[in-house]
Amino acid sequence: LSFAQAAALPLTSLTAWELLFERLEVAREAPDVLLVVGAAGGVGSILVQLARKRTALTVVGTASRPQTVQWVKDLGAHHVIDHGLPLATQLKALFPQGARYAVGLTQTDRHFPDLAELMAPEGKLGLIDDPKQPLDVMLLKRKSVSLHWELMFTRSLYETKTLEQQGRILDEVSALVDQGVLRTTLNEDLGPISAANLKRAHALLETGHARGKLVLGGF
């Protein structure tokens, strides 16, 4: 990988790996359904690959534009639904029993009622974003759905006993990249780090339409 391609991977890979295998405790041989809300973003782009390549899950991603739909399909999602429309209706049209696992990577407060409706009983819901509105967790009680937060900085912030696990995760991700199992999630290299390029990068992110990761490198 180039430095830019490599730079796109560590933070999102750690977040996706910890969310999938440690917070949600997905069994790699379990033939369940996973919904990834915001599958075309940085974390979603690596999480979809990990779920498809390292588990037996049926992966359903969300995207709303032709370019991002194709991106998510290329990463390995079995199905792509539109997060601009009600998620529960679309997911249950594919899988009437609902999703055993779901992850909210963006706009979770907007989608939360739909997520509660589409979850299978005793399912697991994982989140990484910062909801602007309070989440009504009581919506999860009837189905005994559990809620799991993921922040890849928790281990370093609190120097937890499992801190070294992140090094092992990155070693495994690196090996999977070398083997061609995983690919970089870099979508665009915006050039050197400068005020103008930083402004451009933030503007792209604020549109909510960015695919994968944006990278700036050098000065």
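Residues numbered from 1 in each chain as written. Predicted model: local features only at pLDDT ≥ 70, side-chain atom pairs only at ≥ 80, totals over all residues. Heavy atoms only, no water.

Thoughts on the packing of helix H2 (residues 10-23) against helix H8 (residues 165-178)
Now for step 1: Packing of H2 against H8 leaves a shortest axis separation of 10 Å and a crossing angle of 105°. Comparing the axis directions of H2 and H8 gives the class roughly perpendicular. Facing Pro10, Ser13, Leu14, Trp17, Glu18 and Glu22 of H2, the residues of H8 in contact are Gln165, Gln166, Ile169, Leu170, Glu172, Val173 and Leu176.
Now for step 2: Considering only residue class, the contact of H2 with H8 consists of seven nonpolar, three polar and three charged. (Axes fitted to C-alpha atoms, helices over the stretch in contact; angles between N-to-C directions. Helix = DSSP H or I, 4+ residues; strand = E, 2+ residues; numbered from the N terminus. Parallel < 35°, antiparallel > 145°, perpendicular 65-115°, else oblique. Contact = heavy atoms within 4.5 Å. Nonpolar A, V, L, I, M, F, W, Y, C, P; charged D, E, K, R; others polar.)

Observations regarding the layout of surface pockets
Now for step 1: Its volume calculated, the largest pocket comes out at about 1200 Å³.
Now for step 2: Lining of the largest pocket is provided by 42 residues; of these, Gly41, Gly42, Leu105, Thr106 and Leu205 occupy positions nearest its centre.
Now for step 3: Within the residue set of the lining of the largest pocket, elements represented by two or more residues are H2, helix H3 (42-54), helix H6 (108-118), helix H9 (195-206) and strand E8 (213-215).
Now for step 4: Across the lining of the largest pocket, the residue classes break down as 16 nonpolar, 18 polar and eight charged.
Now for step 5: Leu1, Ala6, Leu9, Pro10, Ser13, Leu170, Val173, Ser174, Val177 and Asp178 are the residues that line the second largest pocket.
Now for step 6: Among the elements of the structure, H2 and H8 are those that each provide at least two residues to the lining of the second largest pocket.
Now for step 7: Among the elements that make up the lining of the second largest pocket, the one with the highest residue count is H8 (five residues).
Now for step 8: Residues belonging to the lining of the second largest pocket are distributed by class as follows: seven nonpolar, two polar and one charged. (1 Å grid on protein atoms, 1.4 Å probe; cavity = no way out; pocket = protein on both sides within 12 Å on 5 of 7 lines; lining within 4 Å. Points joined across faces, edges and corners; volume = space filled by probe spheres on them.)

Points about the pattern of salt bridges
Now for step 1: Evaluation of the coordinates by the stated rule reveals seven salt bridges.
Now for step 2: Here Arg54 ties to Glu172 by a salt bridge, and the two come within 2.5 Å at their closest N and O atoms. Within this pair, whereas Arg54 is found in helix H3, its partner Glu172 is found in helix H8, the two being separated by 118 residues in sequence.
Now for step 3: In this structure Glu172 comes out as partly exposed when scored by relative accessible area, which is 30%.
Now for step 4: If you follow the salt bridges from partner to partner, you end up with Glu18, Glu22, Arg23, Glu150 and Arg155 in one network. (Salt bridge = Lys/Arg side-chain N within 4 Å of Asp/Glu carboxyl O. Buried < 20%, exposed > 50% of the residue type's maximum accessible area, 1.4 Å probe, protein only.)

The quantities given are spatial measurements derived from coordinates; they are silent on function.
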